[in-house]
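Architecture and fold: a report
So you can see what is in the structure, the chains are spelled out below.
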Amino acid sequence: MLLSLRNFIFETCTDGSAVCSAILMRFKTSRHIKSITLIHVFLLLLLTGSPVLAQKKPPQAPLDPSQLRTRTVIRREAATLGYGGTVTLVGAPAGTISIEGWARSEVELTAEIELRGVTEEDIDRLALVNGFVFKQGSNHIRILSVGTHDKTYMRRIAKAFPKNLLGLPWKIDYRLRVPEMVDLEITAGRGPITLKGVEGSLALTATESDAQLTLSAGVVNATIGSGKLQVKITMRSWRGSGA
């Protein structure tokens, strides 16, 4: 066995590293042969990149989007919201947002959630975590998208979620009707945004969007990372402190 071990080390240890040199010196001195241990051999394999330890898994081929199954789920919510209330919307990583003011003290939401996966079982798993939370508070309604894009959320509710499903595409298209006099706080990902008929304050942030805002009053603060922002003023005189 010592002879086989000697031959293996002499064939493998060819890079002149400090560890290799130390192990070779022990073999060259007969009185140290018995002191060669498995730890020495392991270090040798590790440092020389031996195929025994350096076997790599073959890279996975990227998924073809055309081969993914698609499922669309429609969800509706409604709640009362008084004059001067606030609506907060945190959008999904992708999807459209359409908001229209109307003469009711009510928020009406229709959301189309599109999930994509290789199998129906994958989509079933994704449907358990991808979606939104609808929260009604004191004159404040919050619509918060949740899903695989949110690491904190996933650690809290789905620690053992399959990693191969985390990067699959999904989106939510939001359509909202809100009272005309309401404040809006919108945080969006990628996708078009349209807004009209709302006269409260507006705070809009989007990663990538072609946004069209039809306004007549209020305070507007809009920031878009990339894309276009078109603003149309419907009144000759602006009612509000600025835009």
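Residues numbered from 1 in each chain as written. Predicted model: local features only at pLDDT ≥ 70, side-chain atom pairs only at ≥ 80, totals over all residues. Heavy atoms only, no water.

1. Notes on the overall build of the protein chain
This is how the line gets drawn: Working definition: helices are DSSP H or I runs of at least four residues, strands are E runs of at least two. Numbering for both runs from the N terminus. Only protein chains enter the calculation, and the probe is 1.4 Å; a residue is then buried if its accessible area is under 20% of its type maximum, exposed if over 50%, and partly exposed in between. Contacts: residue pairs with any heavy atoms within 4.5 Å of one another. We get accessible surface area from the Shrake-Rupley algorithm with a probe of 1.4 Å; when it comes to residues, only the shown protein chains can shield them.
When helices and strands are counted, the protein chain shows five helices and twelve strands. The buried share of the protein chain, reckoned over its 243 residues, is 35%. Sequence-distant contacts, at least 24 apart, represent 57% of the contacts inside the protein chain between residues at least 6 apart. Counting only carbon and sulfur atoms, one obtains 53% of the accessible surface of the protein chain, whose full area is about 14800 Å².

2. Side note on the pattern of salt bridges
Note the cut-off: The working definition used for a salt bridge is a side-chain nitrogen of Lys or Arg within 4 Å of a carboxyl oxygen of Asp or Glu.
Counted by the stated rule, this structure contains six salt bridges. Notably, a salt bridge pairs Glu120 with Arg71, separated by 2.8 Å at the nearest N-O pair. Separated by 49 residues along the polypeptide, Glu120 in helix α4 (residues 120-127) and Arg71 in strand β1 (residues 69-80) bring together distant segments of the chain. Residue Glu120 is classed as partly exposed on the basis of its relative accessible area, which comes to 34%. The partner of Arg71 in a salt bridge is Asp124, with the nearest N and O atoms 2.9 Å apart. Taken together, the residues Arg71 in strand β1 and Asp124 in helix α4 connect sequence positions 53 residues apart. Salt bridges here are not isolated pairs; linked through shared partners, they connect Arg69, Arg71, Glu120 and Asp124.

3. Brief notes about the environment of His140
Tracing the backbone shows His140 in strand β6 (residues 140-146). Apart from residues no more than four positions distant in its own chain, His140 is found in contact with Leu81, Thr86, Thr88, Lys135 and Glu185.

4. Here's the deal with the layout of surface pockets
As a reminder of what qualifies: Put plainly, a pocket is an open set of points on a 1 Å grid over the protein atoms alone with protein on both sides within 12 Å along at least five of seven lines, a cavity is a set where a 1.4 Å probe fits but cannot get out, and a lining residue has an atom within 4 Å of a point. Grid points are joined across faces, edges and corners, and a volume is the space filled by probe spheres set on the points. Ten residues, namely Ala, Val, Leu, Ile, Met, Phe, Trp, Tyr, Cys and Pro, are considered nonpolar, four, namely Asp, Glu, Lys and Arg, are considered charged, and the remaining ones, Gly among them, are considered polar.
Estimates place the volume of the largest pocket at around 220 Å³. What lines the largest pocket is a set of 13 residues, among which Ser98, Ile99, Glu100, Arg175 and Leu176 lie closest to the centre. Looking at the lining of the largest pocket, the elements that each hand over two or more residues are β3 (97-102), β4 (106-117), β7 (170-179), β9 (193-196) and β10 (202-215). Among the residues making up the lining of the largest pocket, the classes are represented as three nonpolar, five polar and five charged.

5. Looking at the nonpolar core
Cut-off, in case you're wondering: Take the buried residues of types Ala, Val, Leu, Ile, Met, Phe, Trp, Tyr and Cys, join any two whose side-chain atoms come within 4.5 Å, and each joined set is a nonpolar core.
One finds Ile99, Phe132, Ile143, Tyr174 and Leu184 to be the most contacted residues of the largest nonpolar core, which totals 36 residues. For this core, the element with the most residues is β10, which contributes six residues. Here Phe132 is in contact with Arg75, Glu77, Leu109, Ala111, Ile113, Ile143, Leu144, Ser145, Val146, Ile172 and Tyr174, once residues within four sequence places are set aside. Of all hydrophobic cores here, the second largest spans ten residues; its members include Leu126, Val129, Val146 and Leu165.

6. Some remarks on empty space enclosed by the protein
Over the atoms, a rolling probe the size of a water molecule traces out where space has been left empty. One pass over the full model with this rule turns up one cavity of 30 Å³ or more. Approximately 50 Å³ is the volume attributed to the largest cavity. Secondary structure elements with two or more residues in the lining of the largest cavity: β7 and β8 (183-190). Counting residues per element, the lining of the largest cavity draws most heavily on β8, at three residues.

7. Concerning the side chain of Thr148
By the secondary structure assignment, Thr148 is in the loop between β6 and α5 (151-157). Since its relative accessible area comes to 9%, Thr148 is described here as buried. With residues up to four places along the chain from it excluded, the contact list for Thr148 reads Leu126, Val129, Asn130, Met154, Phe161, Leu166 and Trp170.

8. Points about the packing of aromatic side chains
Selection criterion: Working definition: rings of Phe, Tyr and Trp (its six-membered ring) pair if their centres are within 6.5 Å, and the pair is stacked with planes under 30 degrees apart, edge-to-face with planes over 60 apart, and tilted otherwise. The criterion for a charge sitting over a ring is simple: Lys NZ or Arg CZ within 6 Å of the ring centre, and within 35 degrees of the ring normal.
All chains considered together, the criterion is met by one aromatic pair. With 5.8 Å between their ring centres and 70° between their planes, Phe132 and Tyr174 make a pair best called edge-to-face. Highlighted residues: Phe132 in strand β5 (residues 131-136) and Tyr174 in strand β7, separated in sequence by 42 residues. Across the pair, exposure class does not vary: Phe132 and Tyr174 are buried alike. Above the face of the Phe132 ring, Arg75 is positioned so that its terminal group lies 3.8 Å from the ring centre.

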